[in-house]
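# Coordinate inspection notes
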Number of protein chains: 2
Amino acid sequence: MGGSMADLIEAYLKELLRDNPHGIIEIRRRELADQFRCVPSQINYVLETRFPFEKGYLVESRRGGGGYIRIMRLQWRTERDLFAEIAELISDAISAQRAEELLIRLVEARILEEREAIMLRGLVEQSITSIEPEMQDRLRATLLRNLLIVTLRR
Amino acid sequence: MGGSMADLIEAYLKELLRDNPHGIIEIRRRELADQFRCVPSQINYVLETRFPFEKGYLVESRRGGGGYIRIMRLQWRTERDLFAEIAELISDAISAQRAEELLIRLVEARILEEREAIMLRGLVEQSITSIEPEMQDRLRATLLRNLLIVTLRR
DNA sequence: CTGACTTTGACCTTTCCTGACCTTAATTAA
DNA sequence: TTAATTAAGGTCAGGAAAGGTCAAAGTCAG
């Protein structure tokens, strides 16, 4: 928490996020960079290091004229490090059994509805059946992670 | 929505389409261009990027005096049409963009719920990114097909 | 001094906007 | 009835306007 440029930009963006009732903001990379007198790629650095999924944020963007960067704060943070924990549990591969356990936990924690969990399980297992077995755990992890990202968003 | 001119024109046309019970509208290119203070070819750009067949639109036009541009939103008439077209659109490989377009279309056609679409969209947009690039389009096709089968069977 | 974090800049990709030039259809003049 | 004119819309390439990536250089606590 020094006075580094990255810290300043981070603080500024988080203030904007707090001020926005939906926890969603849109910025122009170039503008923000000018505002802080830094190079545009510095903004990317801040986004990567301060607003990653594990910390409860989603970032999407569009290039070209009228481009933008949209930062969303994920809600449902009943547990402070919920997202970090999910990310850690899933990592880059996860067995069917561990995935099942995770889903049960999420339901018990009332983070997922029962039928949402059922749907997620069905989607994931169905999707990976035709994939080579060696790939399945990795694909399951990717699928589950992304499903959870989008499900827990907003 | 960046508020680029293309976005504005797109929104305007889609509103017209929604207001029209048959999902068919006719415009004058020159007129529309004047209305938005842009060059006429900008209209073509919007039509190509926002209303292509893959996204469920048909555009036809006529030159010369009394010329026009007609935009139609396509609808699936039967379930058979739906699955046939899904199968065709997906085939054994599908790009991220095509997949996204298909999902948007399914939502617009009210075949998928918004919540379901969000979940599936998360998959097709992001899940594949950690897989080797050469495999992505094929894997995406497999995934999407299975996901849709599971989801649409209810 | 070293390793982690930060900052910068060169180069890349995507998306958008414009203008010059082309094609087609309807209308009018000969 | 033709031929010329006028009134549409179509194409394409180039430039501009974003944002993305990556690696090298800088900084700083320990």
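To start, this report covers the structure provided alongside it. Please read all numbers here as calculations on a predicted model, not as lab measurements.

The next subject is the packing of aromatic side chains. Aromatic ring pairs are reported here in terms of the distance separating the ring centres and the angle at which the planes meet. Across all of its chains, the model carries four aromatic pairs over all chains by this definition. Measuring from centroid to centroid gives 4.8 Å for phenylalanine 51 of chain B and tyrosine 57 of chain B, while their planes differ by 75°, and the two rings are edge-to-face. A relative accessible area of 4% places tyrosine 57 of chain B in the buried class. Here lysine 14 of chain A stacks its cationic end above the ring of phenylalanine 51 of chain A, 5.6 Å away from the centre of that ring.

DNA strand C sits among 26 residues. The nearest are Ser41, Tyr45 and Arg62 of chain A together with Gln42 and Tyr45 of chain B. The sugar-phosphate portion of DNA strand C accounts for 61% of its atoms within 4 Å of the protein, the bases making up the rest. Glutamine 42 of chain A is positioned with one of its side-chain polar atoms (N or O) 2.6 Å from a phosphate oxygen of DNA strand C. Of the residues contributing to the surface near DNA strand C, the split by class is 10 nonpolar, 10 polar and six charged.

Here the focus is the pattern of salt bridges. Residues and elements named next belong to chain B. Using the criterion set out here, one finds 14 salt bridges over all chains in the structure. A salt bridge links arginine 30 to aspartate 34, with the nearest nitrogen and oxygen atoms 3.3 Å apart. With arginine 30 and aspartate 34 both in helix 2 (residues 29–35), this residue pair falls four residues apart, about one helical turn. Ionic pairing is found between glutamate 60 and arginine 70, a salt bridge with its closest N-O pair at 2.8 Å. On the criterion of sequence distance, the pair formed by glutamate 60 in strand 2 (residues 57–62) and arginine 70 in strand 3 (residues 68–73) is long-range, its members being 10 residues apart.

Before going further, it helps to spend a moment on helix 3 (residues 40–50) of chain A. Listing the buried residues of helix 3 of chain A in full gives Pro40, Ile43, Val46, Leu47 and Arg50 of chain A. For helix 3 of chain A, the buried positions fall inside an angular range of 105° around the axis, keeping them on one side.

Further remarks concern the protein's contact with DNA strand D. Surveying the vicinity of DNA strand D reveals 28 residues, the closest of which are Arg29, Asn44 and Ser61 of chain A together with Arg29 and Ser61 of chain B. Sugar and phosphate atoms represent 61% of those atoms of DNA strand D found within 4 Å of the protein. Measuring from a phosphate oxygen of DNA strand D, one finds a backbone N or O atom of arginine 29 of chain A at 2.8 Å. With respect to DNA strand D, the side chain of arginine 63 of chain B contributes an N or O atom lying 2.9 Å from a sugar or linking oxygen. Partitioned by chemical class, the residues of the surface near DNA strand D number five nonpolar, 13 polar and 10 charged.

Rules of the game
In this convention, every chain numbers its residues from 1, walking through the sequence in written order. Chains carry letters and ligands carry numbers; both start at the beginning, A for chains and 1 for ligands, and go up in the order they are written. Side-chain atom pairs in this predicted model are given and counted only at pLDDT of 80 or more, local residue features only at pLDDT of at least 70, and totals for whole chains, interfaces and linings cover all residues. Just so you know, side-chain values use all the structure's heavy atoms and leave hydrogens and water out. For this analysis, a ring pair means two rings from Phe, Tyr or Trp (six-membered ring only for Trp) whose centres lie within 6.5 Å, classed as stacked if their planes differ by under 30 degrees, edge-to-face if by over 60, and tilted for the remaining angles. A 1.4 Å probe rolled over the protein chains alone gives each residue an accessible area, and that area as a share of the maximum for its type sets the label: buried under 20%, exposed over 50%, partly exposed in between. Two conditions define a charge located above a ring, namely a distance within 6 Å from the ring centre to NZ of Lys or CZ of Arg, and an angle within 35 degrees of the ring normal. For this purpose, a residue is taken to be near a molecule or strand whenever a single non-hydrogen atom of the residue falls within 4 Å of it. Pairing of N or O atoms within 3.5 Å defines a polar contact, subject to two protein rules: one partner must be a possible hydrogen donor and the other a possible acceptor, and residues neighboring in sequence count only if both atoms are side-chain atoms. Gly is placed with the polar residues, together with every amino acid not listed as nonpolar (Ala, Val, Leu, Ile, Met, Phe, Trp, Tyr, Cys and Pro) or charged (Asp, Glu, Lys and Arg). Definition used for salt bridges: Asp or Glu carboxyl oxygen within 4 Å of a side-chain nitrogen of Lys or Arg. Elements are defined by DSSP. Helices are runs of H or I of four residues or more, strands are runs of E of two residues or more, and each kind is numbered from the N terminus. Each direction from the helix axis to a C-beta atom contributes to the arc, which is the arc of those directions.

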